[in-house]
Amino acid sequence: MKRRTFIKLSAISAAGMVLPLQLEGQAPAKPLLKPSTLITPNADFYILQIGNPAVLDAKNWRMAITGLIEKQPLSLGLADITAMEAVEAMRTLKCIGDPIGTEQMSNANWKGVRLRDLLEKVGPKPEAKVVVFRCADNYHTAIPLADAMREETLLAYEMNGVPLPTEHGFPIRLLNPGHYGTKNPKWIVNIHLAKAHESYWEKQGWDPIANVKLGTMIGTPSEGEEIIGGKIYTVSGAAFDAGHHGGIKKVEVSVDYGQTWQEAEIWAKDTPLAWVLWKWDWHVPAEANPVEIYARATANSGLIQDEIGIEVEPVGAIPYHMIDAKIVEP
Ligand SMILES: Nc1nc2c(c(=O)[nH]1)N[C@H]1C(S)=C(S)[C@@H](COP(=O)(O)O)O[C@H]1N2
Ligand SMILES: [Mo]
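Note that the structure is predicted; figures quoted are calculated from it, not measured.

## What to know about the environment of Thr-82
Then, number 1: Considering the arrangement of structural elements, one finds Thr-82 in helix α1 (residues 78-82).
Then, number 2: Taking C-alpha positions, Thr-82 is 8.0 Å from Tyr-157, a pair spaced 75 residues apart along the chain.

So, in structure tokens, the structure goes:
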């Protein structure tokens, strides 16, 4: 079968840098699952921002709540926030500028407070339609007030049991369920209620809503990997829909250019707001040959990734992931 041609993106995506994970030296005889844990350790969690991380000092940090509010503006310190009722939740973050299948997607357990509990203290005026977040690195973004009032929308101060690491937004970041990274601002210093707002990335053409699309990534094999013929190889990866399409129903793999699809096993999952991890044991044919490996997810709503692709799209992309690999003689 004739191989199809795809546009390969370089390591830089429009909304930031891709930080590929690489296996050291030779690929191991028995490939590891990738991702290998449901929770991404903080040291491995992807990092993305417009410039350098803002380095803030917990003692001097204040966050103001201002704008179209019924009551007086609030100025809060970290202790004011940690004194409020805490919520713990698992959440996956994914970058909107992610070329299909790359690894700007990670999952953590977070602790924080409901944004709505803070907004209720100041009372948004009826004309307030968006909540604007201004950050210490000059990043700014807004979300609809209705999203801000969702029970699952959190201001997080802990990540996997420790205070937010500097690069993930210390002391406070937003976790906005169902939305790409752009709508999860870090290093927040001001929360402002307004009628409308044009955010940093929107000015450059990125989607102002940024709902996460159904997506699947292949972690093993990696691009160009040599797979030993005649043995079992475990193809693995992650799939995520952020709960928009009812969660992931199944993940399938094809090693014959999409003619047939094999159902993978979902071996780790939690809430629909977190990714699922999947694997499929492939009985690799003995003959040496180039091979393309595809993976696609179907959501509980029936939505399926039914077109191959690799390009970045300003609204996030839905086509499925493909890896070029090589079957080699044992
Ligand atoms: N203050 C600030 N917050 C930000 C950004 C930024 O540039 N500045 N980038 C956003 C983008 S594009 C992504 S994908 C996520 C990444 O979060 P992480 O670095 O904790 O993985 O942060 C978001 N929050
Ligand atoms: Mo991003």
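Further notes follow.
## So, the sheet that holds strand β18 (residues 265-268)
Then, number 1: The sheet built from 4 strands is open, its strands ordered β13-β15-β19-β18 with antiparallel pairing. Each end of this open sheet is capped by a strand with a single partner; those strands are β13 (215-220) and β18. For this sheet, the mean angle separating the axes of adjacent strands, direction not counted, is 35°.
Then, number 2: Here strand β15 (residues 232-240) runs beside strand β19 (residues 276-283); their pairing, made up of 8 bridges, is antiparallel.

## A look at the pattern of salt bridges
Then, number 1: Summed over the entire model, instances satisfying the criterion amount to 8 salt bridges.
Then, number 2: When the shortest N-O distance is used, the salt bridge between Arg-150 and Glu-152 registers 3.2 Å.
Then, number 3: By relative accessible area, which is 30% here, Arg-150 ends up partly exposed.
Then, number 4: According to the relative accessible area criterion, Glu-152 is partly exposed, its value standing at 32%.
Then, number 5: Taking the shortest distance from any N to any O, the salt bridge between Glu-202 and Lys-183 comes out at 2.9 Å. Highlighted residues: Glu-202 in the loop between β12 (188-194) and β13 and Lys-183 in the loop between β11 (173-175) and β12, separated in sequence by 19 residues.
Then, number 6: Given the relative accessible area of 2%, Lys-183 is considered buried.

## A closer look at the site of ligand 1
Then, number 1: Around ligand 1 sit 18 residues, and of these Tyr-46, Asp-137, His-168, Arg-173 and Lys-186 come closest.
Then, number 2: Between a nitrogen atom of ligand 1 and a side-chain N or O atom of Asp-137, the distance comes to 2.7 Å.
Then, number 3: In the model, an oxygen atom of ligand 1 is placed 2.7 Å from a nitrogen or oxygen of the Arg-173 side chain.
Then, number 4: Its free accessible area being 530 Å², ligand 1 has 100% of it covered by the protein chains.
Then, number 5: Of the residues that constitute the shell around ligand 1, the class distribution is 10 nonpolar, 5 polar and 3 charged.

What counts, and at which threshold
Residues numbered from 1 in each chain as written. Chains lettered and ligands numbered in written order. Predicted model: local features only at pLDDT ≥ 70, side-chain atom pairs only at ≥ 80, totals over all residues. Heavy atoms only, no water. Helix = DSSP H or I, 4+ residues; strand = E, 2+ residues; numbered from the N terminus. Pairing = 2+ DSSP bridges. Axes fitted to C-alpha atoms, helices over the stretch in contact; angles between N-to-C directions. Salt bridge = Lys/Arg side-chain N within 4 Å of Asp/Glu carboxyl O. Buried < 20%, exposed > 50% of the residue type's maximum accessible area, 1.4 Å probe, protein only. Near = heavy atom within 4 Å. Polar contact = N/O pair within 3.5 Å; in protein donor to acceptor, adjacent residues only side chain to side chain. Areas by Shrake-Rupley, 256 points an atom, 1.4 Å probe, with all protein chains shown as cover. Nonpolar A, V, L, I, M, F, W, Y, C, P; charged D, E, K, R; others polar.

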